[in-house]
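Okay, here's what each chain looks like letter by letter:
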Amino acid sequence: MGGRVSLRQSQNGYRAGLDAALLAAAVELSPGERGIEPGCGPGAALLQVAKRVSDANLVGVERDPEALALAQANIVENHLTDRVQALAGDVAQPFSRLGLAPFDASFANPPYFDDAAAIRGPNPERKGAWIADDGLAAWIGFLSKSVREGGRITQIHRADRLADILALLAPKAGSFRVRPVHPFADAPAKRVLVRAVKTGKAPLVLLPPLILRQRTVDAHTPEMDAVFRGESRIDWT
C-alpha cells in the first residue's frame, strides 16, 4: 500500500503475501462500520482494511500466541489502537464466546488444506496457516455467525474449493458474487474471491476475473498494481 502499512512478521512462521492484499482490497466496509477477521495472523489484511476505510472499527481474532502478539504490536506501530484490536480466539469455538455484537462484515483467508497429508510439509511453525484443523466448515460457520443479517462475508481461497465454499455458505447466506483470480490472462484461476450476504437472496453473479501479472513484462498488471498500492479497490459491481 505504498508504505502506508508497517508489518512485522514471524521470521520462521507463515508470512503474508498477495492473498492478504487481495482480501483487504475486496472487503466491503464503510466508515463507521465494524468488521472482524478470524485467523488474522500478524494483521496483514486487518491493517490494510483499516488504512483503506477511515473510521471503520476492526477486530482480529487469532489462536496462535506469537501471531497474536505480532498483530497487537503491529496495531500499535501503525497508530490504530483507537479502532483496531486483536483478540485471542479460535474458529473452532462459538463466536458468542467473544462476547461481541454481530459485525457489519467478516473476512478471512482460511487455511487452504483440510488434510495435512494433502501437501508436503509444511514447516511446523507454518502448519496452522496452511492446515485447517477443523475444516473449511468451521471457518465459514464462524464467518457467518459473526455478522448481522444483511452483513457481508468475504473470503479468498483456492479456486478448486469454490463449490465447497458456496455449499457451506448457502444455508445462511446468498447474493453470491465471485471473482476468479488468474496468475496470467492465459492461465487457469488459482484463487477465487467470494462475497456473500447473510440472508441474501439475489442470484449468483460471476464477475470478470482479476489478472495478476503480465506475460510480456515481469510486472503486475496496471489494475493490480493500483490495488496493491492502495490506490484502488476490488469492485463487486
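Our structure is the block above this text.
Throughout this document, residue positions are counted from 1 along each chain, in the order its sequence is written. Selection of residues for local features in this predicted model requires a pLDDT of at least 70, selection of side-chain atom pairs for listing and counting requires 80 or more, and totals for whole chains, interfaces and linings are taken over all residues. Side-chain numbers come from the whole structure's heavy atoms, not from hydrogens or water.

Peer 1: Can you tell me about the layout of surface pockets, naming the residues and giving the values?
Peer 2: The way it works is a 1 Å grid over only the protein atoms, where trapped points that fit a 1.4 Å probe form a cavity and open points with protein on both sides within 12 Å along at least five of seven lines form a pocket, and then any residue with an atom within 4 Å of a point lines it. Grid points are joined across faces, edges and corners, and a volume is the space filled by probe spheres set on the points. Of the volumes computed, that of the second largest pocket is approximately 220 Å³. Surrounding the second largest pocket, 15 residues form its lining, Met1, Gly17, Ala21, Gln48 and Phe228 being those nearest its centre. For the lining of the second largest pocket, the secondary structure elements donating two or more residues are α1 (18–26) and α2 (44–52). In DSSP terms, a helix is any run of H or I states spanning at least four residues, a strand is any run of E spanning at least two, and both are numbered starting from the N terminus. No other element matches the 3 residues that α1 contributes to the lining of the second largest pocket. Any residue that is not Ala, Val, Leu, Ile, Met, Phe, Trp, Tyr, Cys, Pro, Asp, Glu, Lys or Arg is counted as polar, Gly included; the first ten are nonpolar and the last four charged. Across the lining of the second largest pocket, the residue classes break down as 9 nonpolar, 5 polar and 1 charged.

Peer 1: Talk me through helix α5 (residues 135–145); I want residue IDs and the actual numbers.
Peer 2: Every α-helix winds through 3.6 residues per turn, so residues three or four apart in the chain are directed the same way. Buried residues are those whose accessible area, probed at 1.4 Å on protein chains only, stays under 20% of the maximum for their type, while exposed residues exceed 50% and partly exposed ones sit between those limits. Among the 11 residues of α5, 8 are classified as buried, and the element is accordingly described as predominantly covered. Residues of α5 that are buried: Gly135, Leu136, Ala138, Trp139, Ile140, Phe142, Leu143 and Ser144. When checking whether two residues touch, look at their non-hydrogen atoms; a contact exists if any pair is within 4.5 Å. Looking at the buried side of α5, the elements it contacts are β1 (34–38), β4 (103–108), β5 (147–158), α6 (162–169) and β7 (191–198).

Peer 1: Now, about the pairing of strand β6 (residues 173–182): what can you tell me, with residues and values included?
Peer 2: Of all 10 residues in β6, 9 are buried, a share of seventy percent or more. Strand direction decides the pairing type here: β6 and β7, joined by 7 bridges, are antiparallel. In the sheet register, Pro180 faces β7, and the bridge partner there is Val192. Two strands make a pair as long as DSSP finds a minimum of two bridges between them. Here β6 runs beside strand β8 (residues 205–206); their pairing, made up of 2 bridges, is parallel. Note that in β8 the partner of Arg177 across the bridge is Val205. Pairing geometry for β6 and strand β9 (residues 210–211), over 2 bridges, is parallel. Bridge pairing in β9 links Val181 to Leu210.

Read these as spatial facts, not as claims about activity.
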